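Reading the structure
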Amino acid sequence: MQLTGSEIFVEALKREGVDTIFALPGGVVLKIFDVLHQQKDIRVILTRHEQGAGHMAEGYAKATGKAGVCLITSGPGMTNVITALADAYMDSVPVVAFSGQVPTALIGNDAFQEADNIGLSRPCTKYNFLVKDVKDLAQTIKEAFYIATTGRPGPVLVDIPKDISMEKGEFHYPSSVSIRGYNPTYDGSRWKIKQAADAILKSKRPILYIGGGVLFSEASAEVKELAEMTHIPVDMTLMALGGFPGNHPLSLGMLGMHGTYVANMAMHYSDLVIAVGARFDDRVTGKVSEFCPKAKVIHVDIDPTSIRKNIHVDIPIVGDCKRVLSELNNILRATVNGDQKEQRKPWWDQLNAWKHEHPLAYEQDPKGQIKPQYLIDRLYHLTSDRDPIVSTDVGQHQMWAAQYFKLKNPRTWLTSGGLGTMGFGFPAAMGAQAAFPDRLVLCIAGDGSIQMNTQELATAVVEKLPVKVFVINNRFHGMVRQWQDLFYEGRYASSYLGQTPDFVKLAEAYGAAGVRIADVGQVDDGIREVLSIKGPVFADVPVYQFENCYPMIPAGGANHEMLLGDPPDLKKPKGTHPTGVQADSDTILTA
Amino acid sequence: MEHILSLTLENKFGALSRVAGLFSGRGFNIESLSVAPTLDPSVSMMTIVTNGDERIIEQIMKQLNKVIDIIKVVDISECDFVERETALIKVHTRPEDRAEALRIADIFRANVVDSSPTSYTIEVTGDVRKVQAIINLLQPLGIKELVRTGRIAMGREPIRPAQAQSRPLAKAN
Ligand SMILES: Cc1ncc(C[n+]2csc(CCOP(=O)(O)OP(=O)(O)O)c2C)c(N)n1
C-alpha cells in the first residue's frame, strides 16, 4: 500500500495503540496535522506551549504505563519541548516525541525555523532518530516505541523532515523489532537472587528501599508480598510513592532529604538495604561516606549503570524488578520459617520508637492562617476514598504532598523528581486526565511553579480536562526562601514573588472556575466546593508564608542528622493577615 | 590507570557523537579515539584510550554498553593485547641536522615520506612508547607539525596447546 509519510505516521500510531497525542502545529508538520484532522481514532489535544505538550505526554504515560506521545514543529517547537524531554529522561518516563524538521535538502543551511533537533535532544533522550527516507518511517516509529517502553523506559525523539511527511512510500508495519545493540536484561541471575534470599533471612534490621522502577515494572504486588512475608519495613523514594500503600502498617513513608524521621533512621541503622528500582540519588543518600554505614546492600535494577554508580553494592542484581522479586519471593516462600513478625520484633520496637519520637507534625492554629500541610492533609482525607491521581509542582508543597498524601495505588502520583521541573504539575495532571476522563485528578501546585505553565488553562477548558488545581499560595518561592532562612541568614534574595496574580480571576479569564479558600474554618467546605465543580478549577489557597518543610537533611549531611524543626535562633516573621498581599511587604520588612 | 576500550558500533550517523557526548557529559576523559568501518560496512570499530580508577572504568563500560548504537564493548587492557599508533612528524632541519634526523628515523624504522630543503616528514608506527621516544629525540631539532592517529588495539589470540594449534583452521564465514 502506497501512503504518504503523514499517512504512514498516523497508521503507525494506530498500530501502536495510541489514542491521544499532545500537539502544537507549525509549517513543517502541517501535512501530518492535516491527516490527523481527517481521522477519528487518535485524539489530538492542542496545547498552548510545547512544554505543556511534553509534560502532558509524561502525565499520560505515568498514569497509564503506555508511551505518551507529543508532536511539535521544528525550531522553537523543538527547543520548547526540551525541558519536558529532559524531565522524562531523568524520571524514566516513556515518551515518544515527534518533531518536524525542515526539508531534507535544506538541513544544515540555517533554513527558517531550523534547529539541530537531533543534537539538541541527544543528551536528554534515550535515543533519537532522523528519518531520511520515507521507506524507513514505519520501521523507525516501531523502534521508537519499542525503545521508549522497554528496559529502563525513557523518551525517544523522531525527527521528520517536511518532505518525508509528503512523499509516498510503501506502508508495511513490522510486527517485531530487534536491535543488536539493545538487549535489556530482564531475568536476574538466579545465583544472585539466592544470595539475596539468604541475606534477607540472616539480617536483623533489613529495610526495603523502593524507587520508581517498581512502578515501571508493575512490581507493586511483588513488593507487597515480599514485605508482608518477611515483615520488612518499606521506605519509598519520591518517585515510588503509590508503589506500596502509604497507609500500610509496614510503610515508613518517604525517605531522603525531606523524608520521615523513621524512614531515614531505618536506612542509617539497618544491616541490610534491599534497593529495588531505585538509584541512590544524592537526595536520598545524603553524605555518601556516611550512608548506611552498617548495611550490606542488595540492589535490583534493570539499568546496570545505576548499580554501583554512587555507593558500594554487595549483591547486584540486574533485571526487571517484577521478575526478580517474584523469583526471590518463590525462594523465600519455600525457605522462610518461623514467625517473621516475632523474629523482627526488636527491629520493629526500634522503628516504632522512632515513629513515635518524631512523627510528621505541624501546628494549625484554629484561628490563624492556613498552614500548607493542613490544606494538603485535609485534601487527602476528603478525597482518599476516590483514589485520586495527584500531581505536584516543585518546591515545599511537593514535599508536603509527598509526606501527607498517603497514596494507595500505583500510577496515582505524578511528580518531577530527577529534574525538579517547576511547571510540571498542571500539564502532567491534564495528561493523566486525558487518559482517565472520569477520574479525580488533583494538582497540588506552588504559586511560583504554576506560573510557569498557566497558559494551559486554555487547553483544560477547551479540551474539557477537569483537573482540580490547588495553588498553595505563599507569595514566595517557598523552598528557596527556606534555604535562605537556613543557610543565608534569612536574606530573601529573589524568592519573594510580591504581587502574585489573582488566581481566581485568572482562572475565570480563561473560562475555568476559580475558588478562594482563605479561612481555616472554611478549608473542608472549600475543598468540597472545588470537588463539586464539573470543569477545571484553580483553587487559590493563601497560606502562612514562612512555614518550613521538615524533617530536612541539609545538603551534604548524613541521613541521621535531620533538622526536625526551625533552629531556635531562626527569626521568623509572623504573618498576620490571612489573605492580604498587603501584609506581605510588612512581614518582609520585619524579616 | 589507563585503559584501552575496544567498541563495536553501528556505522551510522550520530553514533560517534553519542560516544563523545557520553564522555563529555559525564566528565570522563578521552585520551585518544580512533574509528573506522570494519569488513561489514554497517559496523565500525572504535578504540578509545581513557583513564580512571576502577569505579570510573566500570561506569564508563556500563554507560557505553547502554548506548543503543554500541553493539559490544571490551576492555582490551584487561587481557593480552597488541597496540599500534602512527604518527606523522614534520621536523625542521638545518643543513647540519639533516643527517641526524635520518639517523633517528632509521633507528626507529621510521620512513621519510616527504622532504623539502628545510624539513623532513617522518612516518613512524609502533606502540605508544616507541612513538613517544622518537618524538622526544626529534624535538631538539624542532618539530614543526605533529599528527598522531590515536592508538588502535586488538586482543592477542590465546595460545592453545600444540595439538590444538595443528588442527586445520575452521573456515571463516
Ligand atoms: C524551572 C525551575 N526553575 C527554578 C527552580 C528552582 N526552584 C526550586 S523550588 C523553587 C520555588 C518553588 O516555589 P513554589 O512553586 O511557589 O513552591 P513552594 O516552594 O513555595 O511550595 C525554585 C525557584 C526549579 N526547580 N525549576
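As a reminder, the structure under discussion sits directly above these lines.
Since this is a predicted model, take the numbers as computed values, not measurements.

**A short note on helix α21 (residues 478-487) of chain A**
All names here are of chain A. A large share of α21 lies buried, amounting to 7 of its 10 residues. Those residues of α21 lying buried are Gly 478, Met 479, Arg 481, Gln 482, Gln 484, Asp 485 and Leu 486. Packed against the buried residues of α21 are α17 (396-404). One or two positions beyond α21, positive phi appears at Glu 489, with a value near 50°.

**A few points about the sheet that holds strand β18 (residues 468-473) of chain A**
All names here are of chain A. Ordered by their spatial adjacency, 6 strands build an open sheet running β16-β15-β17-β18-β20-β19, and the pairing between neighbours is parallel. Each of the sheet's edge strands pairs with one partner strand only, and the pair in question is β16 (413-414) and β19 (513-516). Bridge count between strand β15 (residues 389-392) and β16: 2 bridges; the pairing is parallel. Bridge assignment links Val 390 to a residue of β16, and that residue is Trp 413. Where α17 meets the sheet, its contacts fall on β15, β16, β17 (441-446) and β18, and the angle it forms with β17 comes to roughly 140°.

**Considering the environment of A:His231**
Residue and element names in this part refer to chain A. Locating His 231 in the fold gives a position in the loop between α10 (220-230) and β10 (234-236). Residue His 231 is classed as buried on the basis of its relative accessible area, which comes to 16%. Separated by 114 residues in the primary sequence, His 231 and Lys 345 have C-alpha atoms spaced 9.4 Å apart. Discounting chain neighbours no more than four positions away, the residues touching His 231 are Leu 250, Gln 340, Lys 341, Arg 344 and Trp 348.

**Observations regarding the pattern of salt bridges**
Residues and elements named next belong to chain A. Taken as a whole and judged by the stated rule, the model has 41 salt bridges over all chains. Two residues, Asp 525 and Arg 528, come together in a salt bridge whose shortest N-O distance is 3.2 Å. Here Arg 528 and Asp 525 lie together in helix α23 (residues 523-532), a separation of 3 residues that amounts to about one turn. We classify Arg 528 as partly exposed; its relative accessible area is 44%.

**Some words on empty space enclosed by the protein**
Tallied over the full model, the rule gives 1 cavity of 30 Å³ or more. Taken as a whole, the largest cavity encloses approximately 70 Å³ of empty space.

**Considerations on the interface of chain A and chain B**
Facing 19 residues of chain A, the contacting portion of chain B comprises 21 residues. Interface area for chain A against chain B, summed over the two sides, is near 1,700 Å², with a carbon-plus-sulfur share of 49%. Ionic pairing is found between B:Glu10 and A:Arg180, a salt bridge with its closest N-O pair at 2.8 Å. Taken together, the links from chain A to chain B amount to 10 residue pairs in polar contact (both at pLDDT 80 or more). Residue contributions to the side of chain A that touches chain B peak at 3 residues, all from strand β6 (residues 127-130) of chain A. Residues that form the side of chain A that touches chain B fall into these classes: 8 nonpolar, 3 polar and 8 charged.

**Describing the sheet that holds strand β3 (residues 43-51) of chain B**
Residue and element names in this part refer to chain B. Spatially, β2-β3-β1-β4 is the arrangement adopted by the 4 strands of the open sheet, whose pairing is antiparallel. Edge strands, defined here as strands with exactly one partner in the open sheet, are β2 (32-37) and β4 (70-75). Each strand of the sheet is rotated relative to its neighbour by a mean of 15°, with strand direction disregarded. Here strand β1 (residues 2-10) pairs with β3 via 9 bridges, running antiparallel. Paired with Leu 5 across the two strands is Ile 48, which belongs to β3. This element, helix α1 (residues 15-25), spans β1, β2, β3 and β4 of the sheet and lies at about 15° to β3. Set on the sheet, helix α2 (residues 54-66) makes contact with β1, β3 and β4; between it and β4 the angle comes to about 160°.

Conventions we followed
- Residues numbered from 1 in each chain as written.
- Chains lettered and ligands numbered in written order.
- Predicted model: local features only at pLDDT ≥ 70, side-chain atom pairs only at ≥ 80, totals over all residues.
- Heavy atoms only, no water.
- Buried < 20%, exposed > 50% of the residue type's maximum accessible area, 1.4 Å probe, protein only.
- Helix = DSSP H or I, 4+ residues; strand = E, 2+ residues; numbered from the N terminus.
- Contact = heavy atoms within 4.5 Å.
- Pairing = 2+ DSSP bridges.
- Axes fitted to C-alpha atoms, helices over the stretch in contact; angles between N-to-C directions.
- Salt bridge = Lys/Arg side-chain N within 4 Å of Asp/Glu carboxyl O.
- 1 Å grid on protein atoms, 1.4 Å probe; cavity = no way out; pocket = protein on both sides within 12 Å on 5 of 7 lines; lining within 4 Å.
- Points joined across faces, edges and corners; volume = space filled by probe spheres on them.
- Buried area = accessible area lost by both parts, 1.4 Å probe.
- Polar contact = N/O pair within 3.5 Å; in protein donor to acceptor, adjacent residues only side chain to side chain.
- Nonpolar A, V, L, I, M, F, W, Y, C, P; charged D, E, K, R; others polar.

What is shown is where atoms sit, not what they do.
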